[in-house]
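Structure assessment
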Amino acid sequence: MSVAADSLVLYKIHPARVVSVGEKIEIELEGGQSKRVRPKDVTPLHPGPLKRLADLHEPGAAQLEEAWELLEGAETDLKELAELMFDDFTPASAWAVWRLLDEGLYFQGTPEAIQPRPRKAIEQDRAEREAKVRAEQEWAGFMARLGEGRIIDDDRPRLGEVERLANQQGEHSRILKALELPETPQAAHRLLVSLGYWPPEHNPYPARSNAAITDPALPVPALADEERLDLTHLPAFAIDDEGNQDPDDAVSIDGGRIWVHVADVAALVAPDGEPDREARARGANLYLPEGIVNMLPAAVTHQLGLGLQETSPALSFGVAVDDEGRLADIEIRPSWIRAQRLTYAEAEARLAEAPLAALNAAAERYRARRQAAGAAGIDLPEVSVRVQDGEIIIRPIDRHGSRAMVTDLMLMAGEAAAVWCGERGIPIPHATQPPPDSIQHPAGMAGMYAYRRQFKPSRTSIEPGPHFGLGLDAYARATSPLRRYADLLVHQQVRAALRGEEPLTAEQVSARAGEADQGGIAVRRAERQSNQHWKLLYLKRHKGWQGEGVVVELGERKDTVMMPELALETKLRAKSDLRLDQRLTLGVADVDLYDLDARFRVLG
């Protein structure tokens, strides 16, 4: 087909009317635009005459199905197909056929060679195109609802991509991009709460830390019969916070002998069993304000938690504490005990009575020895954050009195485990800490805050070594095997030695402790951020909160203030008249739950 003035041609994918033909062809495009193109740039569709491109949109009724059936299995061209479909070959019918060919549903090929497509291919493509149209309509409806700040139940699966980003388990979100929001976990969190997909108090930090958020559901064997030292005649006290659900230590005294009883977890959880591997991967219990996620199956705590049954199996650490607070006559025995559960407050009320008075006296001698060896006396505010029936409860933690006594008794057991294993060449994970560059004895909150910043991180080492912060030459965590894998690993090594079996090698212990440390990092991060989340939510619910702040650090641009009531730090714009340890009255200015940040103003 030749190209002449007033003929219809195809330019790229658009219709064009030929205005004139010369060395180049002048064409008119829709909208009235003129263009000079080379002959090879256009494809002839109809010889014309075509006076107006607007006439192309009135081809008349098409007989599409009939034409397709007549041509099934044959080949045709643009002119013949136009005549079959519209009973005439006009510029309008030629353009309609070209559009049909370009659509590619019923026909395929070029204007000179057109083939009908197989029925099966047409039906498949039609279904796909209809599905695509429905999906586009559904997406448009979904985005319209998001713009109105609401969702329906059918929208929830689609928002899974936003949830993955909010949990830091994905990097991109088509939805956030379409809403012109930053593709960040904070923006995703904010959107999910605003839509009601997540409740306002939702805590995303365990998932963001990749910490396990459900207890392991694994079978646990029954406790085996074995010879145990009967210590049920001694009053034993499992002292812990109110509401504690995993009591794994208790204390008693027999004359001048201190006994620290620890849940005998290694009696049920053997190295390399499924519960052991699961606990190792988790590293520790996850303590959240809203509840506990255990590293071991609940059946282990039920069987072994001290004081949960009338008599409890324990691994008991016996020591004598001399007048200088040194340990002697160390023994470790599987035992039976009868434990009475006490809260710290209940123990505090009985601290002057036997036998707790004798235990406290031994703990004080031991503490004096540690302090003489340089143990850090840092006493910065700590709080317990709990969520009960939707209410956020924040209580201060007093590290003195009965809590200090229990801490030192537990440290005795940890030192005893390290010494006992060291004397027998049994490899265990020790906790060590090098001293800071300068040893100090700070007074005041600001001094303690500054001194803590000089501390070097504690390390896990197969070789025993000093722990500066505790003031001990050797120490192993051994009193919380229900809660920490490192403690369970110590128990497994001790139990193997007591049974006359070959303990794990130093290389095996190091590898297992290292794996547990990695899990523990995720747990500690989830706990720290979750506590911050609930503290900020508490402030958000108590917008008129006012409290005391203590200046603990002065800076060029920002000063750091500690709020003891919340154990929360904040930054204030630096003021020349502030001094360290100065006490201020603060009020809440703004809370950003999504960035884990709050701003305060000075009231006085």
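The coordinates are above.
The following paragraphs examine the structure supplied in this document. These numbers come from a predicted model, not from an experiment.

A few words on helix H2 (residues 78-86). For H2, the set of buried residues is Leu78, Leu81, Ala82, Met85 and Phe86. Taken end-on, H2 shows its buried residues confined to a sector of 105 degrees, consistent with a single buried face. Buried residues along H2 sit against strand E5 (42-46), helix H1 (64-71), helix H3 (91-103), strand E6 (107-110) and strand E7 (113-116). The backbone nitrogen of Lys79 lies 3.3 Å from a side-chain oxygen of the residue at the head of H2, namely Asp77. Looking one or two residues past H2, Asp87 carries a phi angle of roughly 65 degrees, positive in sign.

Burial analysis of helix H7 (residues 185-194) places 7 of its 10 residues in the buried class, the great majority of the element. For H7, the set of buried residues is Pro185, Ala187, Ala188, His189, Leu191, Leu192 and Val193.

What follows covers the sheet that holds strand E3 (residues 25-29). Read from one edge to the other, the open sheet built from 5 strands follows the order E4-E3-E2-E1-E5, with strand pairing classed as antiparallel. Looking at the sheet topology across the chains shown, the edges are occupied by strand E4 (34-37) and E5. The sheet shows a mean angle of 40 degrees between the axes of neighbouring strands, taken without regard to direction. The sheet contact formed by strand E1 (residues 8-11) and E5 spans 4 bridges and is antiparallel. Residue pairing for E5: Leu10 is matched across the bridge by Thr43.

With respect to the element layout, Pro247 can be found in the loop between strand E9 (236-240) and strand E10 (249-254). Since its relative accessible area comes to 2%, Pro247 is described here as buried. Taking C-alpha positions, Pro247 is 20 Å from Ala349, a pair spaced 102 residues apart along the chain.

Nonpolar side chains in soluble globular proteins tend to end up buried together. Judged by nonpolar contacts, the single largest core of 45 residues is most densely connected at Ile239, Ile258, Leu356, Met405, Leu409 and Met412. The biggest single contributor to this core is helix H13 (residues 401-424), with 12 residues. Counting residues in hydrophobic clusters, the runner-up holds 29 residues, among them Leu231, Trp259, Leu268 and Val269.

The rules behind each value
Residues numbered from 1 in each chain as written. Predicted model: local features only at pLDDT ≥ 70, side-chain atom pairs only at ≥ 80, totals over all residues. Heavy atoms only, no water. Buried < 20%, exposed > 50% of the residue type's maximum accessible area, 1.4 Å probe, protein only. Helix = DSSP H or I, 4+ residues; strand = E, 2+ residues; numbered from the N terminus. Arc of directions from axis to C-beta. Contact = heavy atoms within 4.5 Å. Polar contact = N/O pair within 3.5 Å; in protein donor to acceptor, adjacent residues only side chain to side chain. Pairing = 2+ DSSP bridges. Axes fitted to C-alpha atoms, helices over the stretch in contact; angles between N-to-C directions. Core = buried A, V, L, I, M, F, W, Y, C linked by side-chain atoms within 4.5 Å.

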